[in-house]
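# Structure at a glance
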Amino acid sequence: MKGTFHLVEDSFAMCRATQTGACCDVLHSIIWRYLLLVNCFDVKCFSAIVSTTKGPGDMTSSRPTLTIQKAYAVAREAFEPGGADLVGVEIEWPVHKRGSLSRPESADFLPIMNRPLPNGSRITIEPGGQVELSGPPLESGPATLRAINEDAVILHHRLRAHGLIPTDLAVDDRRPPHRILDLPRYRAMESFYAHRGREGTWMMTNTASVQINISHHPDGRNVRWELANRMGPVLVAAFANSPGIGPDGQRWQSVRQAIWNGIDPGRTAPVPVSDQPGTDWAQYALAADVFFIRGGELGTSVPPGLTFADWMTTGHPAGWPTEDDLRYHLTTLFPPIRPRGWLEFRMIDALEPDCRSAAVLVASTAIEDRVAAELVDLLPDTQDLWVTAARDGLNDPVLRDAAQLLLGVVELHLRRHPTHSSAAETVATYIDRYTKHGLAPAHVHGDIETDAFPRLDAAVVAAP
């Protein structure tokens, strides 16, 4: 859910939770040095981290300085290739205490975060106490999978050694939503989403995903952006893992995706795709509401109704936006495919390890040049099927056929690679177990129960 710079915010939360506020400045300094030593995902991410995090006392501009031209230029930064061609993975797990379903407190995680992992994966904590592991970006899907899976085994051993049990749930329906991180950003986010309903709190505290990060094409073409959005709904359907009753009273294959769809469509809907992606991203961002303005000790929470474009035009009592405020605003937008100097695939449900590995291999292999060229010719365009994918999954015939095609092409390509035979077997096993039968993990799991959605009148549910 969060980017690397939120590790800094989490460090302050840990200090406050353990009543060791005097250590915060020292810890802040240590973490910045750590972030400059590890590979974030792309070198230019480091400058974005520094520029988008304001310390206490930093303020917005006292007068209008950000022009539309500058705003569009900032948005275009998200599509600039970083040089290296890399794949990264981030995995989230809901966590409960051994012997109960109670959530850990922030301090409970300190013992597992004080030692590095062998392959350099980073451990961070989500607002509801989900543990997130961000693996090192490497040259291929199989390579990054090996690294993060090895680190995940060690992380889970550490968690269990301290009485904390991770689970593979995409939606944790065992307990009501509750936020354990008390940070200004998260307070503002929860308050903002609460104006629409309960989906926001559920998203923040009771959902988990596997996120796949893939570099833009090194030559600067936007072919990966286009293909990612074209096959995104297929990935949602093929790997759906959170079945249950959705907002329309019908059974959904991915309730997690239904929750995300409902929190604020202006920041979670897919970004329109054209031959001008930088412009599309800028327009999407400027039309999205602002929910938090940084500055001062705690920042300023903003209720729904102030778009970033409005803020640029009319200002706010807290000040006028700067380029850095826009860069920060971009981190508060959560489309299923998010450009960020690379591509974030944010829409895949949390999965058990073998299924998760298959999802990572499919997405990362599909964007390789030879495979992408084949898929562009063969794969149907499913960009209009995001909701259908989350609701109907592979019950939809177009998505079922597309998933069988996509996974079949990926498996065949992996088999042709002399060092990827194990990866090919992982995808083949998933196809044999699920895809060729028109199934996803959601088809074999019991329904989750959630009060994330407003109750519908029986007459509304029954209406055609």
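Residues numbered from 1 in each chain as written. Predicted model: local features only at pLDDT ≥ 70, side-chain atom pairs only at ≥ 80, totals over all residues. Heavy atoms only, no water.

## Regarding the pairing of strand β1 (residues 87-93)
The buried count for β1 comes to seven of seven residues, which makes it a mostly enclosed element. Of the two faces of β1, both are covered, the one formed by V87, V89, I91 and W93 as well as the one formed by G88, E90 and E92. Note that β1 and strand β6 (residues 209-215) share five bridges and pair antiparallel. Directly across from V87, in β6, lies its bridge partner I214. The pairing of β1 with strand β4 (residues 131-134) spans four bridges and is classified as antiparallel. Bridging across to β4, W93 finds its partner in V131. (Buried < 20%, exposed > 50% of the residue type's maximum accessible area, 1.4 Å probe, protein only. Helix = DSSP H or I, 4+ residues; strand = E, 2+ residues; numbered from the N terminus. Pairing = 2+ DSSP bridges.)

## Notes on helix α16 (residues 369-378)
Along α16, the residues that are buried comprise V371, A372 and L375. With its buried residues spanning 95° around the axis, α16 presents them on a single face. Within α16, the exposed residues directed more than 90 degrees away from the buried face are R370 and D377. Where α16 is buried, its residues meet α9 (223-238), α15 (353-366) and α18 (397-416). (Arc of directions from axis to C-beta. Contact = heavy atoms within 4.5 Å.)

## Digging into the environment of G299
Assignment of secondary structure puts G299 in the loop between β9 (292-293) and β10 (300-301). You can call G299 partly exposed: its relative accessible area is 26%. For the pair formed by G299 and A318, sequence separation is 19 residues and the distance between their alpha carbons is 8.7 Å. Once residues within four sequence positions are removed from consideration, G299 is found in contact with F292, I293 and R294.

## A word on the side chain of T307
Checked against the element boundaries, T307 lands in the loop between β10 and α13 (308-314). What T307 contacts, discounting residues up to four positions off in sequence, is L286, A287, A288, D289 and V290.

## A look at the sheet that holds strand β11 (residues 337-339)
One open sheet accounts for six strands, arranged β3-β4-β1-β6-β12-β11; its pairing is antiparallel. Each of the sheet's edge strands pairs with one partner strand only, and the pair in question is β3 (122-125) and β11. Neighbour-to-neighbour, the strand axes of the sheet open up by a mean angle of 20°, direction not taken into account. Contacts between α15 and the sheet are confined to β1, β6 and β12 (342-349), with β6 contributing the most and set at about 25° to the helix. (Axes fitted to C-alpha atoms, helices over the stretch in contact; angles between N-to-C directions.)

## Digging into the packing of α15 against α18
At their nearest, the axes of α15 and α18 sit 10 Å apart, and the two run at 80° to each other. Considered as vectors, α15 and α18 are oriented roughly perpendicular to each other. Counting all contacts with α15, which are made through L361, V362, T365 and A366, the residues of α18 involved are L406, L407, V410, H413 and L414. A per-class count over the contact of α15 with α18 returns seven nonpolar, two polar and no charged. (Parallel < 35°, antiparallel > 145°, perpendicular 65-115°, else oblique. Nonpolar A, V, L, I, M, F, W, Y, C, P; charged D, E, K, R; others polar.)

## A few points about the nonpolar core
Among the nonpolar cores identified, the biggest contains 118 residues, and L235, F239, F345 and L406 are the most heavily contacted of them. Considering every element that reaches this core, the biggest residue donor is α9, with nine residues. Sequence-distant contacts of F345, defined by excluding residues within four places in its chain, comprise V210, Q211, I212, I214, A228, M231, L235, P336, I337 and A363. (Core = buried A, V, L, I, M, F, W, Y, C linked by side-chain atoms within 4.5 Å.)

Fair warning: the whole summary comes from geometry, so function is off the table for now.
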